[in-house]
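Coordinates in review
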Amino acid sequence: MKSRILYGVLLMVLVFGLVGCGKKSAGPACAPNCEYKDMVVGFLQTGSEGGWRAANSASFRETADQLGLTLKFYDSQNDLARQVAGFHQFNQDPDVNVIILAALETTGWEEVLKEAQAAGKVVVLEDRRIDASEDMYATYIGSDFAEEGRKSANEMCKLLEGMAGKNVWELVGNVGSSAAKDRGQGFRETMGACGIEVTKSQTANWSITEGKEVTEAWLKETQDVQGIFAQNDEMALGAIEALKEAGLTPGVDVKILSVDATAGAFKAMLAGELNVTVECNPLLAPQVYEAALKALNGETLPKWIPSQEGVFSFDMPNLQEIADGRKY
Ligand code: GZL
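Note that the coordinates shown come from a computational prediction; the quantities given were computed from them, not determined experimentally. Counting restarts for each chain: residues are numbered from 1 in the order of the written sequence. The model is predicted, so local features are restricted to residues of pLDDT at least 70 and side-chain atom pairs to those at 80 or more, both for listing and for counting; the totals for chains, interfaces and linings are taken over all residues. With hydrogens and water set aside, each side-chain value is computed from the structure's full complement of heavy atoms.

1. Quick word on the side chain of S258
Looking at the secondary structure, you find S258 in strand β9 (residues 255-260). Using a 1.4 Å probe on the protein chains alone, a residue whose accessible area is under 20% of its type maximum counts as buried, one over 50% counts as exposed, and one in between counts as partly exposed. Classification of S258 as buried rests on a relative accessible area of 0%. Note on definitions: a residue-residue contact is assigned when non-hydrogen atoms from the two residues lie within 4.5 Å. In this structure S258 touches A230, N232, D233, A236, L274, V276, T277 and V278, once residues within four positions along its chain are discounted. Under the DSSP-based scheme used, a helix requires at least four consecutive residues in state H or I and a strand at least two consecutive residues in state E, with every element numbered from the N terminus.

So this is what it looks like as structure tokens:
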């Protein structure tokens, strides 16, 4: 009798051990030989806030077609709650085996990441990093925003060389985003090398309209500014409009530097109104899909694959040629 009870207990432990307690469900049936045609990607895009984002979205759509994978594109409309809801939706979708996130903000992802892990979904971060344990996602593919900030400060030092004043105004992106946090941090790490002081700093949420409104308000207070550091091109274009309406010559009276290197920035540099743009590469889809496929097949990836990026200035001799050759 005792041996039958012991056998029953052992059997229950074995069954629960196999079925009930595992953190992760098994990987896809195609592993370790999955191909792009087996990938069904749930892509959680931030929204459509400007030229950089448009190029980033186009990269994911075009590359999905080229590779023959299935893309389910979710537009979060720049609303964090909507982006989290979209993540839940993809976690519940039995067809989706890869989730790609361009996070609007760095925090608030624990629950959906755990849900994804339990459901056996591969999670890849693109563009924006998040504050989460590295074991909750396969890899992060995106720029070194802090380095973009340091590059920006170095270039602003060159622009303000020889000027008595070194007052710089900073137009900040979405304050919760990694791009805004890290660019601001990188700029402040390096600006002391030439005595730059950030005398005004405020969010303009990546937009032309808000970039103009914030700069207009500042100019009503003072015109003692030598440089404007806009954390993306759109906010710089807004600042340029505000300076012109205040009777100042952008790029001359006030030096302007921005980040992204979109077509709008090249147009403004060719007009002499923008001095420098620090590149931030939006064409990430090929790298991201390649990493997702490797993760789907059970490969372990480095936790960050940084993008390679340059710097462009209005006085480059071949600027028109460079502009003509760019994709965005
Ligand atoms: C950068 C990206 C930023 C761009 C902005 O990787 O996250 O978001 O710099 C965009 O133009 O809004």
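2. Concerning the site of the ligand
If a single non-hydrogen atom of a residue is within 4 Å of a molecule or strand, that residue counts as near it. What surrounds the ligand is the set E49, W52, R53, D127, R128, F145, R183, W206, N232, D260 and C280. Polar contact is the term for a pair of N or O atoms within 3.5 Å; when the atoms are in protein, one must be able to donate a hydrogen and the other to accept it, and sequence-neighboring residues count only if both atoms are side-chain atoms. Between an oxygen atom of the ligand and a side-chain N or O atom of R183, the distance comes to 2.8 Å. N232 places a side-chain nitrogen or oxygen 3.1 Å from an oxygen atom of the ligand. Protein coverage of the free-state accessible area of the ligand, which is 310 Å², stands at 99%. Residue classes in the shell around the ligand are distributed as four nonpolar, one polar and six charged. Computed with a 1.4 Å probe, the accessible areas rest on the Shrake-Rupley method; for each residue, only the protein chains presented here act as cover. Residue polarity is assigned by list, with Asp, Glu, Lys and Arg as charged and Ala, Val, Leu, Ile, Met, Phe, Trp, Tyr, Cys and Pro as nonpolar; anything else, Gly included, falls into the polar class.

3. What about the nonpolar core?
In these notes, a set of buried Ala, Val, Leu, Ile, Met, Phe, Trp, Tyr and Cys residues joined through side-chain atoms within 4.5 Å is what counts as a nonpolar core. F87, W109, M156, L171 and I228 are the most contacted members of the largest nonpolar core, which totals 67 residues. A per-element tally of this core places helix α8 (residues 233-245) first, with six residues. Setting aside residues up to four positions removed in sequence, M156 forms contacts with V168, F187, I196, G227, I228, F229, K255 and L257. With 23 residues, the next largest nonpolar core counts F60, V98, L293 and L301 among its residues.

4. Some thoughts on the packing of aromatic side chains
Under the pairing criterion, centres of Phe, Tyr and Trp rings, with the six-membered ring standing for Trp, must be within 6.5 Å; the plane angle then separates stacked pairs below 30 degrees from edge-to-face pairs above 60, leaving the rest tilted. The tally for this structure, following the rule as stated, stands at nine aromatic pairs. Both rings, one in F60 and one in Y289, keep their centres 5.5 Å apart while their planes meet at 80°; by these two values the pair is edge-to-face. Of this pair, F60 sits in helix α2 (residues 51-67) while Y289 sits in helix α10 (residues 285-296), and the two are 229 residues apart along the sequence. Under the relative-accessibility criterion, F60 is labelled buried at 0%. Its relative accessible area of 0% is what places Y289 among the buried residues. Clustering of aromatic rings is evident, with ring pairs tying together F43, F60, F73 and Y289. By definition, being over a ring means that NZ of Lys or CZ of Arg is both within 6 Å of the ring centre and within 35 degrees of the ring normal. One residue, R61, lies across the ring of F73, its end atom 3.8 Å from the ring centre.

5. A few points about the sheet that holds β9
Two strands form a pair only when DSSP identifies at least two bridges running between them. Spatially, six strands are ordered β7-β6-β8-β9-β10-β12 in an open sheet, and the strand pairing comes out mixed. Of all the strands in the sheet, the pair left with one neighbour each is β7 (197-203) and β12 (311-313). The sheet shows a mean angle of 15° between the axes of neighbouring strands, taken without regard to direction. Relative to strand β10 (residues 276-279), β9 is paired through four bridges, and the arrangement is parallel. Residue pairing across strands places S258 opposite T277, the latter belonging to β10. Helix α5 (residues 145-159) rests against β6 (167-172), β8 (227-230), β9, β10 and β12 of the sheet, and its axis sits at about 160° to β9. All axes are obtained by fitting lines to C-alpha atoms, using only the stretch in contact for helices, and the reported angles, taken between N-to-C directions, cover 0 to 180 degrees. Across the sheet, α8 touches β6, β8, β9 and β10, and the angle it forms with β9 is around 155°.

6. With respect to helix α7 (residues 208-221)
One full turn of an α-helix is made of 3.6 residues, so residues set three or four places apart face in the same direction. For a helix, the expected span equals 1.5 Å multiplied by the number of residues minus one. Taking 1.5 Å per residue as the helical rise, α7 with its 14 residues ought to reach 20 Å, and the 21 Å between its terminal C-alpha atoms agrees with that figure. Within the sequence span of α7, burial applies to G211, V214, T215, W218 and L219. Take α7 and look down its axis: the buried residues cluster within an arc of 135°, on one side only. Counted as exposed and oriented over 90 degrees from the buried face of α7: T209 and K220. In this structure, the buried residues of α7 make contact with β6, β7, β8 and α8. For α7, the side-chain oxygen to backbone nitrogen distance between the N-cap and E210 is 2.9 Å, and the N-cap itself is S207. It is the directions from the helix axis to the C-beta atoms whose arc is reported.

7. With respect to the pairing of β6
Among the six residues in β6, six count as buried, and that is most of the element. Here β6 shows no split at all, with N167, W169 and L171 on one side and V168, E170 and V172 on the other all buried. Judged from the six bridges that link them, β6 and β7 form a sheet pairing that is parallel. Across the sheet, the residue bridging to L171 is Q202, located in β7. The handedness of the β6 to β7 crossover, carried by helix α6 (residues 178-190), is right-handed. As defined by bridge partners, β6 adjoins β8 across four bridges and the pair is classed as parallel. Bridging across to β8, W169 finds its partner in I228. Looking down the strands as they point away from the viewer, one classifies a crossover as right-handed if the path from the first strand across the helix to the second runs clockwise.

8. Description of the state of the cysteines
We call a pair of cysteine sulfur atoms a disulfide whenever their separation is within 2.5 Å. Under the counting rule described, the total for this entry stands at two disulfides. In this model, C30 is linked to C34 through a disulfide, with the two sulfur atoms separated by 1.9 Å. Looking down the S-S bond of the C30 and C34 bridge, the torsion is 85°, so its handedness is right-handed. By relative accessible area, which is 22% here, C30 ends up partly exposed. The exposure class assigned to C34 is buried, which follows from its relative accessible area of 5%. Bridging C157 to C194, the disulfide has an S-S length of 2.0 Å. Because the torsion about its S-S bond is -80°, the bridge between C157 and C194 counts as left-handed. Note that C157 is positioned in helix α5 and C194 in the loop between α6 and β7, a separation of 37 residues in sequence. We classify C157 as buried; its relative accessible area is 12%. By sequence-ordered numbering of the bonded cysteines, the protein chain has its disulfides arranged as 1-2, 3-4.

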